[in-house]
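This is what each chain is made of:
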Amino acid sequence: MELHQLKQFVAAAESESFTRGAERAFVSQPALSASISKLEDEMGTQLFIRNKRSVVLTPAGRKLLKR
């Protein structure tokens, strides 16, 4: 787990969008998606429920965001 992954996670979680989260984190959307997928793999749990228009935090994602 790296600091940039956590910053990108927070950006996506707060904006409820990988596209807007990527803009806030100053990275491309594919880079943000890859970073969050790697974070999810490292943590062994899904952090977002992905829809076509938005993302929603899972219970594990809400817990991580609080920390």
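Refer to the preceding data block for the structure.
Here is what the cut-offs are and how they apply
- Residues numbered from 1 in each chain as written.
- Predicted model: local features only at pLDDT ≥ 70, side-chain atom pairs only at ≥ 80, totals over all residues.
- Heavy atoms only, no water.
- Core = buried A, V, L, I, M, F, W, Y, C linked by side-chain atoms within 4.5 Å.
- Buried < 20%, exposed > 50% of the residue type's maximum accessible area, 1.4 Å probe, protein only.
- Helix = DSSP H or I, 4+ residues; strand = E, 2+ residues; numbered from the N terminus.
- Contact = heavy atoms within 4.5 Å.
- Salt bridge = Lys/Arg side-chain N within 4 Å of Asp/Glu carboxyl O.

Considerations on the nonpolar core
And step 1. Of all hydrophobic cores here, the largest spans 13 residues; its most connected members are F9, A12, F18, L32, I36, L47 and F48.
And step 2. The set of elements that each furnish at least two residues to this core consists of α1 (3–15), α2 (18–25), α3 (29–43) and β2 (55–57).
And step 3. In this view, F48 contacts F9, A12, A13, F18, I36, E40, V55, V56, L57 and T58; residues no more than four positions away in its chain are not counted.

A closer look at the pattern of salt bridges
And step 1. Here the structure, examined in full by the defined rule, presents two salt bridges.
And step 2. The closest approach of N and O atoms between R24 and E14, which form a salt bridge, is 2.8 Å. Placement of R24 in helix α2 and of E14 in helix α1 is noted, with a sequence separation of 10 residues between them.
And step 3. When its relative accessible area of 45% is taken as the criterion, R24 is described as partly exposed.
And step 4. Of the residues examined, E14 reaches a relative accessible area of 48% and is grouped as partly exposed.
And step 5. E40 is paired through a salt bridge with R50; the nearest N and O atoms lie 2.8 Å apart. One end of the pair, E40, is in helix α3; the other, R50, is in strand β1 (residues 48–50), and 10 residues separate them in sequence.
And step 6. With a relative accessible area of 35%, R50 lands in the partly exposed category.

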